[in-house]
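Here is what each chain is made of, one letter per residue.
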Amino acid sequence: MAAFFGEFEQMIDAKHRLAIPAALRDQIVPEEDGTDFILLLGPDRHLWLYPDLAYRRMLASMRRGPLPDRQSGRLGLLFAMARVVKPDKQGRIVLPEKSMERATISDSVTLAGMYEHVEIWPTDEWNKRVENELANYGEMLYEAADRMQGEMGLVGPAGPAKGS
């Protein structure tokens, strides 16, 4: 399963093509994740990319039955605005016009690995976000370490939790 890491500055050309860096494409396991992407508009109006098969597995977990229910009705826009984008031989995708109109985007973007997906940010916005969050970065690392230790049944550097 793909896990995306890193940040990569790219340009969107006049034909709306965006090169997905090899360093990101190499993080995909084609047999498990597929070779295409699903492009979504994220809640912050930045574009998100998911490997197509991985995204379809996530959607399958949401499916309840053949008839729509209230929740699936509310999720309709999620499906309607999603697009399948297929990389060409150079690893470029074409961003649909409608997706670009709805998103916060610029010609200079940063692709940021967010574990299960990649987010496409205007580079100036991404740099501001990083700058703003750097002050809390150390605390985020400690919180992540605490969560990992909790999931592994560890308490601090002493080893297993009592009763383990």
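These remarks concern the structure in this document. This one's a predicted model, so the numbers in the text were calculated from it and none came from an experiment. Residues take numbers from 1 onward in each chain, read along the sequence in its written order. Note on the predicted model: pLDDT of at least 70 is required for a residue's local features to be given, and 80 or more for side-chain atom pairs to be given and counted; whole-chain, interface and lining totals, by contrast, use all residues. Just so you know, side-chain values use all the structure's heavy atoms and leave hydrogens and water out.

**Looking at the packing of aromatic side chains**
Right, so step 1: Aromatic contacts are taken between Phe, Tyr and Trp rings whose centres are within 6.5 Å, Trp giving its six-membered ring; a plane angle under 30 degrees counts as stacked, one over 60 as edge-to-face, and the others as tilted. All told, the structure shown has four aromatic pairs when counted by the stated rule.
Right, so step 2: Taking the centre distance of 5.2 Å and the plane angle of 45° together, the rings of Tyr-50 and Tyr-55 count as tilted.
Right, so step 3: For every residue, the accessible area obtained with a 1.4 Å probe (protein chains only) is divided by the maximum for its type, and the residue is called buried under 20%, exposed over 50%, and partly exposed between those limits. Using a relative accessible area of 6% as the deciding quantity, one classes Tyr-55 as buried.
Right, so step 4: The rings of Trp-48, Tyr-50 and Tyr-55 are connected pair by pair, giving a single aromatic cluster.

**Topic: helix H3 (residues 52-62)**
Right, so step 1: Looking at H3, one finds that the buried residues are Asp-52, Ala-54, Tyr-55 and Leu-59. Along H3, the residues classed as buried sweep out an arc of 165° about the axis, all on the same side. More than 90 degrees from the buried face of H3, the exposed residues found are Ala-60 and Ser-61.
Right, so step 2: Throughout, a contact is declared for two residues whenever any of their heavy atoms are within 4.5 Å. Helix and strand definitions here come from DSSP, where helices need a minimum of 4 consecutive H or I residues and strands a minimum of 2 consecutive E residues; each element is numbered from the N-terminal end. On its buried face, H3 is in contact with helix H2 (30-33), strand S3 (37-41), strand S4 (47-51) and helix H5 (76-81). Note that the arc is defined by the directions from the helix axis to the C-beta atoms.

**Some thoughts on the nonpolar core**
Right, so step 1: What is meant by a nonpolar core is a set of buried Ala, Val, Leu, Ile, Met, Phe, Trp, Tyr and Cys residues, joined one to another through side-chain atoms within 4.5 Å. Counting residues in each nonpolar core, the largest one holds 21 residues, and the members touching the most others are Leu-18, Ile-20, Leu-49, Ile-93, Leu-95, Leu-111 and Ile-120.
Right, so step 2: Those elements that provide at least two residues to this core are S3, S4, strand S7 (108-113) and strand S8 (118-122).
Right, so step 3: Counting seven residues, the second largest nonpolar core, distinct from the first, contains Ile-38, Trp-48, Leu-59 and Ala-82.

**Regarding a nonpolar patch on the surface**
Right, so step 1: Among the surface-exposed residues, Leu-134, Tyr-137, Met-140 and Leu-141 lie close enough to one another that they form a single nonpolar patch of about 380 Å² accessible area.
Right, so step 2: Element by element, the count of residues in the nonpolar patch is highest for helix H8 (residues 137-151), at three residues.
Right, so step 3: Tracing the backbone through its elements, the reader meets Leu-141 in helix H8.
Right, so step 4: Taking relative accessible area as the criterion, Leu-141 reaches 46% and is therefore assigned partly exposed. Distance thresholds for patches are 9 Å for like charges and 5 Å for nonpolar side chains (Val, Leu, Ile, Met, Phe, Trp, Tyr), applied to residues having over 30% relative accessible area and no salt bridge. For the accessible areas, the method is Shrake-Rupley and the probe is 1.4 Å, while residue cover comes only from the protein chains on display. Each reported salt bridge corresponds to a side-chain nitrogen of Lys or Arg within 4 Å of a carboxyl oxygen of Asp or Glu.

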